[in-house]
Amino acid sequence: MLDRKGRDATLPTSAVPPVERAAAAWQTLPTEDPALAGGILDINLKALVENWRQIRDLHPNARTSAVVKANAYGLGMIPVAEALWAEGCRTFFVALPHEGEELKKHLPRAEVFVLAGVPRGEAGYFHEHGLTPVLNTWEEVEEWTAYNAARELRLPAAVHVDTGMNRLGLSPGEARRLSGHDNLLRNFRPCLLMSHLACADTPGHEMNGRQKALFDEIRALFPSVPTSLANSAAAIAWPNWEYDLLRPGIALYGGNPFSERSNPMRAVATLYATVLQVREVRRGESVGYGATWTAKDDSRIAIIGVGYADGLFRRVAEGVAGPAHVFVAGQFAPYVGRISMDLAAVDVSAIAPDVLERGMRVEVMGPHVSVDELACWAGTIAYEILTSLGPRFTRLYTSS
Ligand SMILES: *Cc1c(COP(=O)(O)O)cnc(C)c1O
């Protein structure tokens, strides 16, 4: 809860509890002291876990994994994965091998799939670190099986089939060929057959049905291999789907998985910036680079310590998609002028001067300014907002 001066009464202002320090230390913070930080990114692990549970409960007959690539969409891979592990999540997807290595250090018993697949000559790295590759090309299948054959191993791997997105994956023809290729199948264990939907964010899109039908044809060729098709949107749009493993990402982190439906998830990340100065601007004066905003009346402007170097896109304040604002002292305050590298200006003329002061917190994103709203102002999606959150914030892991 924000108090009357916009400070979150539940957040410690200087002392960070030890467990949160441990989680925060992994982020190689510029400072552990929130009072000295560029801003505070509050990550609500309870909301994260509830979002995961919501998806799990929609699919009593399937397993629910967690996609934690790109540092868990910017929110901190280790604290996120540890919270989900404590809740019973045992399978994780990362994009890159080194993300997988890092995750395995903290959760050695987790099943970790690497979406980008095995780089040429690196099968041994996957073996050494207990990582499960997602095989995306015929060449990768051959390299993985050759590695196994040479050592008389039968290590697991996921087989990714492209069903229309034309991103990664074997072609349906290659998948058919693999299904009849005993020599290759003898030398690794296909532990998952997966594909990815291009338009799940729009459940009514005809492409979903086409991809599903093709995937169903292919999975019939691998009757004993568990299957996975759903990202967040598909997992929510089609409860109790007949596939074995769900791969939610964005929904866990509170972003809206859908383009045209309201968001069924709880917000997870709240970003607070600090007021560095409150200044009087006379009518006719301008604010910021390029003097793009001019005060129509005498105004009060708060300068806050967050900018595009922190992932606050310049486009947000351009007002292309409507006026953008922060939430401060219980009210919305619109951005004025351009966002700079480390600073932004907001108009606080409508807020009583005695409740504003240097050092108070401003919600840039959170319960009052959703990540999806911010994404809309920036002309992008919640995924890009979250993964662009800069390294200068103190990340606080809370559970309320
Ligand atoms: C990123 C990704 C996901 C998760 O997608 P969300 O839309 O964030 O739920 C699932 N599967 C694959 C292959 C991905 O690349």
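For clarity, every value in this text was computed on a predicted model and none was experimentally measured.

Novice: How should the overall build of the chain be read in this particular structure?
Specialist: Each helix and strand counted, the chain has 13 helices and 19 strands in total. Here the C-alpha atoms of the chain give a radius of gyration of 24 Å, agreeing with the 21 Å that 2.2 N^0.38 yields for 400 residues. Along the longest, intermediate and shortest principal axes, the C-alpha atoms of the chain span 80 × 45 × 40 Å. Out of the 400 residues belonging to the chain, those deemed buried represent 53%. Within the chain, contacts between residues at least 6 apart in sequence are counted, and of these 67% link residues at least 24 apart.

Novice: Is there a simple way to explain the packing of aromatic side chains in this structure?
Specialist: Both the distance between ring centres and the angle between the ring planes are used here to describe each pair of aromatic rings. The tally for this structure, following the rule as stated, stands at ten aromatic pairs. Note on Trp 238 and Trp 241: the rings are 5.2 Å apart at their centroids and 10° apart in plane angle, and the pair reads as stacked. Exposure remark for Trp 238: the relative accessible area of 23% places this residue in the partly exposed category. Taken together through their ring pairs, the aromatic side chains of Tyr 125, Phe 126, Trp 144 and Tyr 147 make up a single cluster. Above the face of the Trp 85 ring, Arg 90 is positioned so that its terminal group lies 3.7 Å from the ring centre. Geometry around Phe 258 places Arg 261 over its ring, the cationic atom sitting 4.7 Å from the centre.

Novice: Before we go on, may I ask you to explain the side chain of Glu 99 in this structure?
Specialist: Note on placement: Glu 99 falls in helix α5 (residues 97–106). Of the side chains with opposite charge, Lys 69 comes closest to the buried, unpaired Glu 99, at an N-O distance of 8.6 Å. Engagement of the side chain of Glu 99 in a polar contact is seen with the backbone nitrogen of Ala 95, the distance being 2.8 Å. A polar contact is formed between the side chain of Glu 99 and the backbone nitrogen of Leu 96, at a distance of 3.0 Å. Leave out the neighbours within four places in its chain, and Glu 99 touches Lys 69, Ala 70, Asn 71, Met 77 and Val 94.

Novice: Explain the state of the cysteines to me, please; I cannot follow it from the model alone.
Specialist: Cysteine pairs can be linked by a disulfide, which is a covalent bond between their two sulfur atoms. Counting across every chain of the model gives zero disulfides. The thiol sulfur of Cys 89 is not disulfide-bonded, and the nearest other cysteine sulfur, from Cys 191, lies at 15 Å. On the basis of relative accessible area, Cys 89 is assigned to the buried category, the value being 1%. Summary of cysteine pairing: Cys 199 is not part of a disulfide, and the nearest cysteine sulfur, belonging to Cys 376, is at 20 Å.

Novice: Honestly, the site of the ligand in this entry has me stumped. Any pointers?
Specialist: The environment of the ligand is formed by 14 residues, the closest being Lys 69, Tyr 73, Ser 232, Ile 250 and Tyr 383. Arg 247 is positioned such that a nitrogen or oxygen atom in its side chain is 2.9 Å from a nitrogen atom of the ligand. Computed on the free molecule, the ligand has an accessible area of 390 Å², of which 93% lies beneath the protein chains in the complex. Class assignment for the residues of the shell around the ligand results in seven nonpolar, four polar and three charged.

Novice: Explanation requested: the environment of Asn 240 in the structure shown.
Specialist: Tracing the sequence through the fold places Asn 240 in the loop between α11 (232–237) and β10 (245–246). Distance from Asn 240 to Ala 81, taken between C-alpha atoms, is 24 Å for residues 159 residues apart in sequence. Excluding residues that lie within four positions of it along the chain, Asn 240 makes contacts with Leu 58, His 59, Pro 60 and Asn 61.

Novice: Looking at this structure, I do not really get the nonpolar core. What am I missing?
Specialist: Side chains that are nonpolar tend, in soluble globular proteins, to be buried together. Formed by 123 residues in total, the largest nonpolar core has its most connected members in Phe 92 and Tyr 335. With seven residues, the top contributor of residues to this core is helix α4 (residues 77–86). Among residues more than four places away in sequence, those in contact with Tyr 335 are Leu 312, Val 316, Ala 317, Ala 324, His 325, Val 326, Ala 344, Ala 345, Val 346 and Val 364. Ranked by size, the runner-up nonpolar core spans seven residues in total, among them Val 287, Ile 301, Val 336 and Ala 345.

Novice: What is the right way to read the domain arrangement of the chain from this model?
Specialist: Each assigned domain of the chain is listed here: domain 1 (46–253) and domain 2 (269–369). Relative placement of domain 1 and domain 2: their C-alpha centres are 42 Å apart.

Novice: What should I look at first to understand α5 in this one?
Specialist: Given 3.6 residues to a turn, an α-helix orients residues that are three or four positions apart in the same direction. For α5, every residue scored as buried is listed here: Pro 97, Glu 99, Gly 100, Leu 103 and Lys 104. The buried residues of α5 occupy one face: seen down the axis, they fall within an arc of 155°. In α5, the exposed positions angled more than 90 degrees off the buried face are occupied by His 98 and Lys 105. Next to the buried residues of α5 lie α3 (69–73), α4, β4 (91–94), β5 (111–114) and α6 (123–129).

Novice: Even after reading the chapter, I still don't get the packing of helix α2 (residues 45–58) against α4, so can you show me in this structure?
Specialist: Each pair of packed helices can be summarised by the angle the axes make with each other and by the distance between the axes. Two elements in contact, α2 and α4, have axes whose closest approach is 10 Å; the angle formed by their N-to-C orientations is 55°. It follows that α2 is oblique to α4 by the angle criterion. The handedness of the crossing between α2 and α4 is right-handed. Within the contact between the two elements, α2 uses Leu 45, Leu 48, Val 49 and Trp 52 and α4 uses Pro 79, Val 80, Ala 83 and Leu 84. Tallied by class, residues from the contact of α2 with α4 come to eight nonpolar, no polar and no charged.

Novice: Looking at this structure, how should I read the pattern of salt bridges?
Specialist: Two side chains with opposite charge may pair up if their charged atoms get near one another. Under the criterion given, the structure shown has 18 salt bridges. A salt bridge links Arg 63 to Glu 111; the nearest nitrogen and oxygen atoms lie 3.3 Å apart. Remark: Glu 111 occurs in strand β5 and Arg 63 occurs in strand β2 (residues 63–64); sequence separation between them is 48 residues. Overall, the relative accessible area of 25% leaves Glu 111 in the partly exposed class. With a closest N to O distance of 2.9 Å, Arg 392 and Asp 310 form a salt bridge. Pair noted here: Arg 392 is in the loop between α13 (382–388) and β19 (394–398) and Asp 310 is in the loop between β14 (299–304) and β15 (325–328), with a separation of 82 residues, a long-range link. The buried category is assigned to Asp 310, whose relative accessible area is 4%. What emerges from the salt-bridge pattern is a single network uniting Lys 212, Asp 216, Arg 219 and Glu 242.

Conventions adopted
- As a convention, each chain's residues are numbered from 1 in the sequence order in which they are written.
- Local features in this predicted model are restricted to residues of pLDDT 70 or higher, and side-chain atom pairs are both shown and tallied only at a pLDDT of 80 or more, whereas totals for entire chains, interfaces and linings draw on every residue.
- The side-chain quantities take in all heavy atoms of the structure and omit both hydrogens and water.
- In DSSP terms, a helix is any run of H or I states spanning at least four residues, a strand is any run of E spanning at least two, and both are numbered starting from the N terminus.
- C-alpha atoms define the radius of gyration in this analysis, and the globule rule sets the expected value at 2.2 Å times the number of residues to the power 0.38.
- Only protein chains enter the accessibility calculation, which uses a 1.4 Å probe; a residue whose area is less than 20% of its type maximum is buried, one above 50% is exposed, and one in between is partly exposed.
- Between two residues, a contact is recorded if the distance between any of their heavy atoms is within 4.5 Å.
- Here the aromatic set is Phe, Tyr and Trp, taking the six-membered ring for Trp, and pairing holds for ring centres within 6.5 Å; pairs whose planes are under 30 degrees apart are stacked, those over 60 apart are edge-to-face, and all others are tilted.
- When the NZ atom of lysine or the CZ atom of arginine is within 6 Å of a ring's centre and also within 35 degrees of its normal, the charge is said to sit over that ring.
- Note on charges: Lys and Arg go in the positive column, Asp and Glu in the negative column, and His and the chain ends are not counted at all.
- We define a salt bridge as a contact between a side-chain nitrogen of Lys or Arg and a carboxyl oxygen of Asp or Glu at a distance within 4 Å.
- Whenever a nitrogen or oxygen atom comes within 3.5 Å of another N or O atom, the pair is scored as a polar contact, on the condition that within protein one atom can donate a hydrogen and the other can accept it, and that pairs from neighbouring residues in sequence are kept only if both atoms are in side chains.
- Cysteine sulfur pairs qualify as disulfides if the two atoms are within 2.5 Å.
- Near is defined per residue: the residue qualifies when any heavy atom it owns lies within 4 Å of the molecule or strand.
- Here, Shrake-Rupley sampling with a 1.4 Å probe gives the accessible areas, and only protein chains in the shown set may cover a residue.
- Three residue categories are used. Nonpolar comprises Ala, Val, Leu, Ile, Met, Phe, Trp, Tyr, Cys and Pro, charged comprises Asp, Glu, Lys and Arg, and polar comprises the others, including Gly.
- In this description, a nonpolar core means a group of buried Ala, Val, Leu, Ile, Met, Phe, Trp, Tyr and Cys residues linked to one another through side-chain atoms lying within 4.5 Å.
- Each domain's extent was defined by an automatic or database domain assignment.
- This arc is taken over the directions from the axis of the helix to the C-beta atoms.
- To define axes, lines are fitted to C-alpha atoms, for helices over the stretch in contact only, and angles between the resulting N-to-C directions are given on a 0 to 180 degree scale.
- When an angle is under 35 degrees it counts as roughly parallel; over 145 it counts as roughly antiparallel; between 65 and 115 it counts as roughly perpendicular; any other value is oblique.
- Left-handed is the label given to a crossing in which the near helix is rotated counterclockwise from the far helix by less than a right angle, and right-handed is the label when the rotation is clockwise.

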